[in-house]
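# Geometric and topological summary
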Amino acid sequence: MTRSELIQRLAEQFPQLTIKDIDLTIRTILNELSRALANGDRAEIRGFGSFTLNYRPPRKGRNPKSGAPVSIPAKYVPHFKPGKELRERVDHPRT
């Protein structure tokens, strides 16, 4: 599901809200999640999951085209851990 599909679905479920308001709400939530991760914080949405940062140490890699060794620097990458409720909903067979 894309952000625009989410906005459209929410607009159908909540006709009293304008698409502009829904779009602003979704953008604000995503911006705050991004800001928290950029600051090194953890972000959690109860029943959905949590977002944290994982550290990847520097390593040696290879250029796939030439085979030459390449130094890959250390970095932090976002990591999502689903909550119990989300895992249970996804695990049930679809009818």
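The rules behind the values
- Residues numbered from 1 in each chain as written.
- Predicted model: local features only at pLDDT ≥ 70, side-chain atom pairs only at ≥ 80, totals over all residues.
- Heavy atoms only, no water.
- 1 Å grid on protein atoms, 1.4 Å probe; cavity = no way out; pocket = protein on both sides within 12 Å on 5 of 7 lines; lining within 4 Å.
- Points joined across faces, edges and corners; volume = space filled by probe spheres on them.
- Phe/Tyr/Trp six-rings, centres within 6.5 Å; stacked < 30°, edge-to-face > 60°.
- Helix = DSSP H or I, 4+ residues; strand = E, 2+ residues; numbered from the N terminus.
- Buried < 20%, exposed > 50% of the residue type's maximum accessible area, 1.4 Å probe, protein only.
- Expected span 1.5 Å × (residues − 1).
- Arc of directions from axis to C-beta.
- Pairing = 2+ DSSP bridges.
- Axes fitted to C-alpha atoms, helices over the stretch in contact; angles between N-to-C directions.
- Contact = heavy atoms within 4.5 Å.

Moving on: empty space enclosed by the protein. Scanning the model with the defined rule gives 1 cavity of 30 Å³ or more in all. By volume, the largest cavity amounts to about 30 Å³. Every residue along the wall of the largest cavity is listed here: Arg56, Pro57, Arg59, Ile72, Pro73, Ala74 and Lys75.

A separate point is the packing of aromatic side chains. One pass over the full model with this rule turns up 3 aromatic pairs. Seen from their ring centres, Phe48 and Phe80 are 5.3 Å apart, and the 45° between their planes marks the pair as tilted. With Phe48 in the loop between strand S1 (43-45) and strand S2 (49-56) and Phe80 in strand S5 (residues 75-82), this pair connects stretches of sequence that are 32 residues apart. For Phe48, a relative accessible area of 37% puts it in the partly exposed group. Residue Phe80 is classed as partly exposed on the basis of its relative accessible area, which comes to 31%. Geometrically, the ring pair formed by Phe51 and Phe80 is tilted, given 4.9 Å between the ring centres and 45° between the ring planes. In this pair, Phe51 is assigned in strand S2 and Phe80 in strand S5, connecting sequence segments 29 residues apart. Taken together, Phe48, Phe51 and Phe80 form an aromatic cluster joined through their ring pairs.

So, on to helix H2 (residues 19-38). The end-to-end C-alpha distance of H2, which contains 20 residues, comes to 28 Å, matching closely the 28 Å that a straight helix rising 1.5 Å per residue would cover. Residues of H2 that are buried include every one of Ile22, Ile26, Leu33, Ala36 and Leu37, and no others. In a view along the axis of H2, the buried residues occupy a sector of 110°, so they form one face of it. For H2, the exposed residues set more than 90 degrees away from the buried face come down to Lys20, Leu24, Asn31 and Ala38. Of the residues trailing H2, Gly40 is marked for its positive phi of about 85°.

The strand order S1-S2-S5 describes an open sheet built from 3 strands, whose pairing is antiparallel. This sheet does not close on itself; its edge strands, each paired only once, are S1 and S5. Direction aside, the axes of adjacent strands within the sheet are offset by 30° on average. Relative to S5, S2 runs antiparallel, the two being bridged by 8 bridges. If you follow Gly49 over to S5, its bridge partner there is Pro82. This element, H2, spans S1, S2 and S5 of the sheet and lies at about 35° to S2.

Remember, this is a structural readout, not a statement about activity or role.
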